[in-house]
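Chain and residue survey
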Amino acid sequence: MGTCIICGTSTDGRICESHEEDVAFEFRGDHPNQLTPGRFYRGEVDGYADFGVFVNLSDNVTGLLHRSELNRRLESLTWEVGDPVYVQVKNVRDNGNVDLGWSIRQADREFRGALVDDPSASPSTYLPDEEDEEDERASTPTVRTPEPTDADTEPESEPEPEAGSGGAPSATPASDAETESDSEVERAEPVENAEDADAGATAASSGGAVVAELSRVAVGDLDDRVGDTIRLEGRIVSVRQTSGPTVFELRDESGTVDCAAFEEAGVRAYPSVEPGDLVRLDGEVRRRRGELQIETEALVVLDEGEAATVTDRMDDALDERARPSAVDPLAPDAAVEAALGQVREAATAVRRAIIEGRPVVVRHDATVDGYLAGAAIERAVLPLVREEYANADAAYHYFDRRPLEGGVYDMDDATKDTTTMLSNRDRHDEKIPLFVFASAGATRDSLDGFDLLSVYDAERVVVDGGAADPEVADAVETLVNPAHADSDADTTATALAVAVAQHVNESVADDLRHLPAASFWEDAPEAYVDLAGDAGYRAEDVAHLREAIALEAYYQSYEDKRELVIDLLFADAESTESADAGDEPRAGARLVEQISEQFREKLDAEVATAEANLERRSEGGVAFAVLDTDAYTHRFDFPSTDVLLDAVHRRNRDGSFVTIGVGTDELHVRSTFDLDVRAVAESAAEAVENAGVAARGGRNRIEFVAGERDRVVDAVVDAIAEQA
């Protein structure tokens with residue numbers, strides 16, 4: 001029996017079953033059947049095919065990473081033949097073919113341990129260091145020393161003090177394969193004052209001594225200090241136990257660096273130091289595999305006063321770095337201008353999350369406005385993530401965009417997000433994300449979801465053009481909303497999100513010029529129409545783009561469709577053509593036109609059926625058109641109820657007109673006049689008791705129990721007529 005290198009439990013071999021996916025294995029076998037499905041292996045790129053990438057797992061075993069397993073397009077991979085990659089063995093077929101899966105972790109440091117998988121050895125899994133030590137013992141000859149004579153014997157010198165006996169312990173370099181003799185280790189100098197004496201005592205008890213005279217160096221200045229012994233002060237971001245050293249990720253006001261501390265192979269160094277601690281660390285700056293690393297000689301947790309000083313210094317520096325420059329909106333918009341203070345606050349939160357290594361998760365309504373708003377923020381964030389983090393999959397590791405149904409962040413959505421973020425925290429040391437809600441989350445229906453996120457201190461930002469409930473402002477850290485800024489001007493969430501994106505990353509502003517116009521189904525402000533024209537989008541181009549996004553938003557509504565959305569929205573980002581530049585089609589026009597044509601064909605057919613089956617009513621001077629959406633629509637095909645009702649309403653409205661779409665247990669309302677749907681629901685609930693009548697989202701949707709459907713519809717019609 002052995003012990004698991006991750007959790008220390010007893011197990012056969014060196015890793016327990018529950019932690020096999022936390023280890024990167026190096027395969028030493030010569031047959032595919034010797035692989036263990038489910039494990040992650042280090043391999044090398046062998047070559048590309050139209051259907052995927054071939055990866056060598058050993059000299060004699062090659063597997064296929066099929067393009068369907070990738071989390072990006074095959075053409076976007078930057079791997080070269082011979083590049084190291086990490087893959088998961090999904091299956092070994094009877095014919096010896098090996099099916100591989102994608103790994104979001106593409107570096108040693110992102111796994112919690114490393115092992116050799118050698119079927120010919122006993123045991124078959126072992127630490128890389130164990131093999132090195134065995135090879136070293138086998139290659140080192142035994143030297144016999146003759147017995148000393150009296151003449152050769154010198155008086156004994158006073159022995160060196162050992163660690164833990166009052167003297168400074170030797171500082172062992174924290175490296176996977178390097179050790180030094182005690183005679184080569186630099187001893188710590190005496191501590192000169194009380195503060196450093198306390199620090200030195202603490203360090204000694206943890207296995208190291210602080211060198212008192214060292215001056216503090218910022219992480220951002222380490223490039224010029226390779227080979228020097230320096231001091232850092234900052235926060236421990238994460239702790240990873242490898243098969244050799246313990247690696248502490250330390251962040252200060254200028255950046256992040258890995259600090260390796262060696263106690264014993266696979267044994268946790270400084271066990272009392274945890275993520276979140278403010279520390280002082282002394283060590284030598286080295287460059288390993290092209291990256292800076294500190295070989296830790298001493299590490300102590302700061303006391304309360306020192307920690308406060310470091311925290312203030314880091315917060316001030318991060319705020320300064322994260323604070324965006326003042327940027328004028330792309331076009332005049334009274335609603336955006338009223339909310340500019342909130343826009344800058346939201347942009348600061350996003351920029352700070354990127355700097356701190358917190359993933360940014362954008363949750364947006366699965367509508368045109370939601371997709372455009374989410375895509376605008378995505379367009380701004382991804383380049384900054386790539387600049388901040390060198391690993392190839394950083395854009396997928398530090399940013400995610402997830403659509404929401406109905407613009408409400410309910411407990412179902414919050415539970416999914418919380419489960420995912422906690423799993424990523426525990427398995428991959430990911431930080432708690434920043435959540436940005438675009439065209440979603442502005443009503444009190446999302447409060448329960450926000451409360452669940454708040455338990456884990458997940459920061460929340462809401463960007464929405466519709467009226468926000470007052471409770472939302474108290475439930476989130478930042479609310480970008482014109483009404484919350486005491487403005488009665490109307491705009492879309494996309495227009496606000498574009499302003500946020502500008503402030504997050506000013507360099508992408510030109511890419512976003514056509515998005516606000518596309519977010520208005522009708523009556524787009526002239527300033528936004530002109531802005532889209534400057535970007536090369538005529539009015540019909542904008543309409544087709546809106547239709548294409550509406551169609552794709554319906555299908556796979558819970559998926560972000562990142563690459564497809566990029567192709568639809570930004571294939572022409574580098575085009576400088578104006579609307580008058582001629583009839584040459586833009587690069588992405590063919591894709592947009594093809595999808596928008598499908599949109600029109602499907603929508604026209606459904607509208608014709610719906611209009612033939614409208615129930616016409618009149619009440620209190622208001623004309624009503626009621627559509628039974630269960631009976632007269634294809635419920636599981638495009639268009640969605642919202643898109644269909646919008647089209648029917650636009651084609652039939654005249655004067656005081658209301659369109660109602662009625663399903664089994666919910667109805668949707670459209671009106672030509674201002675309508676308080678929440679008040680309508682409350683009035684209907686009083687008229688039909690025990691029918692479960694309630695507004696959902698607070699804007700145009702009302703829920704009820706199916707058994708009271710007819711009575712609820714009558715009560716809603718009466719309540720609307722009274723309010724008109």
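Owing to the predicted nature of the structure, the values given are computational and were not obtained by experimental measurement.

The next point concerns the sheet that holds strand β12 (residues 246-252). Strand pairs in the sheet, formed through backbone hydrogen bonds, run parallel or antiparallel to each other. Around the barrel, five strands lie side by side as β11-β12-β13-β15-β14; this closed barrel has mixed pairing. Here the average twist between neighbouring strands, direction ignored, is 55 degrees. As paired elements, strand β11 (residues 229-241) and strand β14 (residues 278-288) share seven bridges and run antiparallel to each other. From the neighbouring strand, Leu-232 faces β14, where its bridge partner is Leu-281. Contacts from helix α3 (residues 304-322) reach β11, β12 and β14, with the element oriented near 85 degrees to β11.

Taken as a whole, helix α15 (residues 562-570) has its buried residues at Arg-562, Val-565, Leu-568, Leu-569 and Phe-570. What you see down the axis of α15 is that its buried residues fit within an arc of 155 degrees, all on one side. Of the surrounding secondary structure, the elements contacted by the buried residues of α15 are α6 (368-388), α7 (394-397), β17 (399-404), α12 (515-518), α14 (539-554) and α16 (589-611).

It is worth spelling out the packing of aromatic side chains at this point. Summed over the entire model, instances satisfying the criterion amount to 16 aromatic pairs. Where Tyr-86 meets Phe-111, the ring centres are 5.3 Å apart and the plane angle is 40 degrees; that geometry is what we call tilted. Of the two residues, Tyr-86 is situated in strand β7 (residues 84-92) and Phe-111 in the loop between β8 (98-102) and β9 (113-117); the sequence distance between them amounts to 25 residues. Accessibility assignment for this pair places Tyr-86 and Phe-111 in one class, buried. An aromatic cluster is built from Trp-521, Tyr-554, Tyr-555, Phe-599 and Phe-638, whose rings are joined through pairwise contacts. Positioned above the aromatic ring of Phe-25 is the side chain of Arg-39, whose terminal nitrogen or guanidinium carbon lies 4.2 Å from the ring centre. Lying across the ring of Phe-40, Arg-105 places its NZ or CZ 4.7 Å from the centre.

Within the fold, Asn-505 resides in the loop between α11 (493-504) and α12. Within the structure, Asn-505 has its side chain in polar contact with the backbone oxygen of Ala-380 (distance 3.1 Å). Setting aside residues no more than four positions away along its own chain, Asn-505 makes contact with Ala-380, Pro-383 and Leu-384.

Nonpolar side chains tend toward joint burial in soluble globular proteins. If you look at the biggest cluster of nonpolar residues, it comprises 84 residues, and the most contacted ones within it are Val-436 and Leu-569. Sort the elements by how many residues they give to this core and α6 lands first, with twelve residues. Beyond its immediate sequence surroundings of up to four residues, Leu-569 is in contact with Leu-372, Ala-375, His-514, Leu-515, Tyr-537, Leu-545 and Ile-549. By size, the runner-up hydrophobic cluster in this structure holds 29 residues, among which are Cys-4, Leu-35, Leu-57 and Leu-115.

For the rest of this paragraph, the subject is the sheet that holds strand β21 (residues 615-619). An order of β21-β22-β23-β24-β26-β25 is seen for the six strands of this open sheet, with the pairing classed as mixed. Edge positions in the sheet fall to β21 and β25 (694-695), since each of these pairs with one other strand and no more. Pairing between strand β22 (residues 622-628) and strand β23 (residues 657-662): six bridges, direction parallel. In the strand pairing of β23, Asp-628 is matched with Val-662.

About the thresholds
Sequence order as written defines the numbering, with residues in each chain counted from 1. Only residues with pLDDT of at least 70 get local features here, since the model is predicted, and only at 80 or more are side-chain atom pairs given and counted; chain-wide, interface and lining totals rely on the full set of residues. Water and hydrogen atoms play no part in the side-chain values, which are based on all heavy atoms of the structure. Two strands qualify as a pair provided DSSP detects at least 2 bridges between them. Strands here are runs of E lasting at least two residues and helices are runs of H or I lasting at least four, both read from the DSSP assignment and numbered beginning at the N terminus. Angular values range over 0 to 180 degrees, each being the angle between N-to-C directions of two axes fitted as lines to C-alpha atoms, with helices fitted over their stretch in contact. Every residue pair with non-hydrogen atoms within 4.5 Å of one another is taken to be in contact. The cut-offs for exposure are 20% and 50% of the maximum accessible area for each residue type, with area from a 1.4 Å probe on protein chains only; residues under the lower value are buried, those over the upper are exposed, and the others partly exposed. The directions from the helix axis to the C-beta atoms are what the arc is built from. Each pair of aromatic rings taken from Phe, Tyr and Trp, with Trp reduced to its six-membered ring, is defined by centres within 6.5 Å and is described as stacked if the planes are under 30 degrees apart, edge-to-face if over 60, and tilted in the remaining cases. Working rule: Lys NZ or Arg CZ, within 6 Å of ring centre, within 35 degrees of ring normal, means a charge sits over the ring. Two N or O atoms count as a polar contact when they lie within 3.5 Å, although within protein this holds only if one can serve as hydrogen donor and the other as acceptor, and sequence-adjacent residues are included solely when both atoms are side-chain atoms. Buried Ala, Val, Leu, Ile, Met, Phe, Trp, Tyr and Cys residues that are joined via side-chain atoms within 4.5 Å together make up what is termed a nonpolar core.

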